[in-house]
Amino acid sequence: MKAIGMPSLLGNLIAGIILKNSIDNADINFKSVRGLPDSWASDIITFGLVTIFLRGGLEIDLDLVKKAGKVAAKLTFFPGCSEALAVAIFSRWIFGMENFGLGLSMGFILAAVSPAVVVGAMFDLKQAGYGVKQNIPVIVVAAASFDDVVAISGFAMAISFAIDAGHSETDTKLVEGFHGPLTIIVGLILGIMCSYFNAQTRIWNTVWKRTAVVLFLGVFLAFGAKYLEHNWTVAHAHPIGASTGILAALIMAGCTAYHWEHGTGAISICGHNMATEEHDHKAAHQVEHNLHILWDLISQPLLFGVVGSYLDFRLISVETFGRAVLLVFCGLVFRTAAAYFATHGTDLTPKERLFIAFAWMPKATVQAALCGYPLYLINQVTLADGWKNEEEQEKYEKWGSDILATGVLAILMTAPAGLIFIQKIGPKWLEKYEPPEGGDETVAPGEVEALVAENGEAEGGEGSEEAGALVAKEEGPEEQL
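The residue numbers shown here count from 1 along each chain, following its written sequence. The predicted nature of this model means local features are confined to residues of pLDDT at least 70 and side-chain atom pairs, given and counted, to a pLDDT of 80 or more, with totals for whole chains, interfaces and linings taken over all residues. With hydrogens and water set aside, each side-chain value is computed from the structure's full complement of heavy atoms.

**Description of the overall build of the chain**
Within the chain, the secondary structure is distributed over 19 helices and 2 strands. The rule is simple: take the accessible area with a 1.4 Å probe, protein chains only, and divide by the maximum for that residue type; under 20% is buried, over 50% is exposed, in between is partly exposed. Within the chain, the proportion of its 481 residues that are buried is 54%. Residue contacts are defined here by distance: any two heavy atoms, one from each residue, within 4.5 Å place the two residues in contact. Restricting the contact set of the chain to residue pairs at least 6 apart, pairs at least 24 apart contribute 79%. A run of H or I in DSSP becomes a helix once it reaches four residues, and a run of E becomes a strand once it reaches two; helices and strands are each numbered from the N terminus.

The structure is reproduced here in structure tokens:
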């Protein structure tokens, strides 16, 4: 795909679609392709998300995230919630979905952006120098990191009220209601704790050791939380989900980078510090570079190949196709508008604000994972003979199929289009940083300007020493976000 100017990720997605829908390989008994168990496909998605979130966490400057905190927070909540509500309202008109809770569940499924697409594409823009002066990559990545948590938490609460799968007790609803806050709290605690383990640089004193420990702990957190999601219930509800572990991996990577850069986080054992307390401004970037290789060679092809293989066109009728396209479009209109107004009051230009709004278009992983779940719950009620009559059963089964088809089409519509938009329009709408003549081309201008603004000094003043440290952080095999 790179030979024709298209991102390789798009080729991975198309390969998965062809495998699923070709005559020889199609099999409706598998969610992905024939011969690939659903559990394996799910594990591939989890591993891919862990890889991209670890990369994002290692390259996020926590000081700059604090500066962009309000904008990132508004981008996390407003666009997704606006899209979810719009889908819930329009689904009643488009699909005749009388159950508002079920429509809201579909809304939160569609509201989740794909971090693997968005974060990966922002890495490419950052490497080329686009938007770094305004810290746009930092804002987008920080918000994308929590967007899926909000969407998955909203879905868990909405679906628990929409479909009674045989557990209608009040405590079940209560546990589902606390799923979102619990995910964030537990993720923060686990991530911060593990970052102190990684900060012991007398133990992790080489690049490969640091890469290994970060990757191992990230995988452990994600798959450990996933195991608990399937095997631990409280009042028939799942208090901990896979998103808890992925969020913990992101927090761990971000805090680990902070410890390495500032020489903090040392733990003393028998009077000996396990960390050197030296300021290493290159460590996080070096580890991220190694994870970048893992992403390019293994995680990305597998992740988007599997996501593409979830698109089964045999399950989509012509009528449903048109209705689903209309609903996805309606949701995107409200999401884009909300994202644009969420950046109101910033120093960004209208084109930069519009770019951020459209950058939230791509959908893939969450839709692939959740779009079939409402139909699964509906089938469980059918098996338990829990419907009032046959008419109610037929309505819910149709709505479940509509949600599945809409989720599939949302991926097909938005993932390639959103990716191409970011990579083709981004260089046109975002300002490119041009290093001063004779200067270091690896300088991260957004970070330096933020530092200078904070210290109130001109370039070359008292803040120059600290700025030089930030410059050193960006030196490496290649510049990444």
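**Points about unusual backbone geometry**
In the Ramachandran plot, Asn135 falls in the positive-phi region, its phi being about 60 degrees despite a non-glycine side chain. Relative to the elements of secondary structure, Asn135 occurs in the loop between helix H6 (115–128) and helix H7 (136–162). Residue Asn135 is classed as buried on the basis of its relative accessible area, which comes to 19%.

**Focus on the environment of Met157**
For Met157, the position within the fold is in helix H7. According to the relative accessible area criterion, Met157 is partly exposed, its value standing at 31%.

**Section: the pattern of salt bridges**
Any two side chains of opposite charge can pair if their charged atoms end up close together. Each reported salt bridge corresponds to a side-chain nitrogen of Lys or Arg within 4 Å of a carboxyl oxygen of Asp or Glu. Per the stated rule, a full pass over the model turns up 10 salt bridges. Arg55 serves as the salt-bridge partner of Glu288, at 2.7 Å between the closest nitrogen and oxygen. With Glu288 in helix H12 (residues 283–309) and Arg55 in helix H2 (residues 38–59), this pair connects stretches of sequence that are 233 residues apart. For the pair formed by Glu288 and Arg55, the shared burial category is buried. A salt bridge links Asp402 to Lys398; the shortest N-O distance between them is 2.9 Å. Here Asp402 and its partner Lys398 are both found in helix H17 (residues 390–429), 4 residues apart, which amounts to about one turn of the helix. Using a relative accessible area of 43% as the deciding quantity, one classes Lys398 as partly exposed. Here the residues in one salt-bridge network are Glu83, Asp147, Arg335 and Lys363, joined through shared partners.

**Considerations on the packing of helix H13 (residues 318–342) against helix H14 (residues 350–359)**
Structural elements are reduced to axes, namely lines fitted to C-alpha atoms, with helices fitted over the stretch in contact, and the angle between N-to-C directions of any two is expressed from 0 to 180 degrees. Packing of H13 against H14 brings their axes to within 8 Å, and their N-to-C directions diverge by 135 degrees. By the angle between their directions, the pair H13 and H14 is classed as oblique. The chirality of how H13 crosses H14 is right-handed. In contact with Thr336, Ala339, Tyr340 and Phe341 of H13, H14 contributes Pro350, Arg353, Leu354, Ala357 and Phe358. Partitioning the contact of H13 with H14 into residue classes produces 7 nonpolar, 1 polar and 1 charged. For classification, angles of less than 35 degrees are called roughly parallel, those exceeding 145 degrees roughly antiparallel, those between 65 and 115 degrees roughly perpendicular, and all remaining angles oblique. In this scheme the crossing of two helices becomes right-handed for a clockwise turn of the near helix relative to the far one and left-handed for an anticlockwise turn of less than a right angle. Classes in brief: Ala, Val, Leu, Ile, Met, Phe, Trp, Tyr, Cys and Pro nonpolar; Asp, Glu, Lys and Arg charged; the others, Gly included, polar.

**What about the confidence of the model for the chain?**
With 79% of its residues at a pLDDT of at least 70, the chain reaches an overall mean of 79. In the predicted structure, residues 439–481 sits below a pLDDT of 50 and forms 85 contacts with residues beyond four places in sequence or in another chain. pLDDT is defined as a per-residue confidence score from the predictor, taking values between 0 and 100.

**So, the packing of H6 against H12**
Between H6 and H12, whose axes approach to 13 Å, the crossing angle comes to 140 degrees. In terms of orientation, H6 lies oblique with respect to H12. The interaxial crossing formed by H6 with H12 has left-handed handedness. Contacts between H6 and H12 involve Ala116, Val117 and Phe123 on the former and, on the latter, Glu288, Trp295, Leu303 and Phe304. Classifying every residue of the contact of H6 with H12 by side-chain character gives 6 nonpolar, no polar and 1 charged.

**Remarks on a nonpolar patch on the surface**
Each patch is built from residues that are more than 30% exposed by relative accessible area and take part in no salt bridge. Like charges join if they lie within 9 Å; nonpolar side chains (Val, Leu, Ile, Met, Phe, Trp, Tyr) join within 5 Å. Using a 1.4 Å probe, accessible areas were evaluated by the Shrake-Rupley method; residue-level cover was limited to the displayed protein chains. A surface patch of nonpolar side chains, about 400 Å² in accessible area, is lined by Leu188, Ile192, Tyr196, Ile267 and Ile269. Looking at the nonpolar patch element by element, the count peaks at 3 residues for helix H9 (residues 179–198). As for its placement among the helices and strands, Tyr196 is situated in helix H9. Note on Tyr196: relative accessible area 37%, which makes it partly exposed.

**Examining helix H5 (residues 100–111)**
To estimate how far a helix should extend, the number of its residues minus one is multiplied by 1.5 Å. For H5, spanning 12 residues, the distance from its first C-alpha to its last is 16 Å, which sits close to the expected 16 Å at 1.5 Å a residue. Most of H5 is tucked away, with 11 of its 12 residues classed as buried. Among the residues of H5, those classed as buried are Gly101, Leu102, Gly103, Leu104, Ser105, Met106, Gly107, Phe108, Ile109, Leu110 and Ala111. Side-chain atoms alone can form a polar contact between residues adjacent in sequence; in general such a contact is a pair of N or O atoms within 3.5 Å, and within protein one must be able to donate a hydrogen while the other accepts it. Of the residues flanking the start of H5, the one acting as N-cap is Asn99, its side-chain oxygen 3.0 Å from the backbone nitrogen of Gly101.

**A word on the side chain of Glu352**
By the element assignment, Glu352 lies in helix H14. In this tally Asp and Glu are treated as negative and Lys and Arg as positive; neither His nor the chain ends contributes. Among buried Asp, Glu, Lys and Arg side chains, Glu352 stands out as unpaired, with Arg353 the closest opposite charge at 8.7 Å. Discounting chain neighbours no more than four positions away, the residues touching Glu352 are Gln134, Ile136, Trp429, Leu430 and Glu431.

**Comments concerning the packing of aromatic side chains**
Pairing of aromatic rings covers Phe, Tyr and the six-membered ring of Trp, with a centre-to-centre limit of 6.5 Å; geometry is then stacked below 30 degrees between planes, edge-to-face above 60, and tilted otherwise. Going through the model one piece at a time under the given rule, you end up with 12 aromatic pairs. Relative to Phe304, the ring of Trp295 has its centre 6.5 Å away and its plane inclined at 90 degrees; by these criteria the two rings are edge-to-face. Aromatic rings pair up to connect Phe355, Phe358, Phe421 and Trp429 into one cluster. Here the basic side chain of Arg210 rests over the ring of Trp260, its NZ or CZ set 5.4 Å away from the ring centre. Taking NZ or CZ as reference, Arg353 lies 4.1 Å from the ring centre of Tyr340, over its face. Note on geometry: a ring has a charge over it if NZ (lysine) or CZ (arginine) is within 6 Å of the ring centre and within 35 degrees of the ring normal.

**Structural notes on the environment of Ala410**
Residue placement: Ala410 occurs in helix H17. Judged by its relative accessible area of 0%, Ala410 is buried. Along the chain, Ala410 and Ala324 lie 86 residues apart, while their C-alpha atoms are 8.1 Å from each other. Discounting residues that sit within four places of it in the chain, Ala410 has contacts with Leu110, Val328, Lys363 and Ala415.

**Here's the deal with the side chain of Thr211**
Tracing the sequence through the fold places Thr211 in helix H10 (residues 207–231). A distance of 2.9 Å separates the side chain of Thr211 from the backbone oxygen of Val207, its partner in a polar contact. With residues near it in sequence (within four places) discarded, Thr211 still touches Val287, Asn290 and Leu291.

**Let's talk about the environment of Gly305**
Note that Gly305 resides in helix H12. Each C-alpha atom, one on Gly305 and one on Asn12, is 5.0 Å from the other, the two residues being 293 residues apart in sequence.

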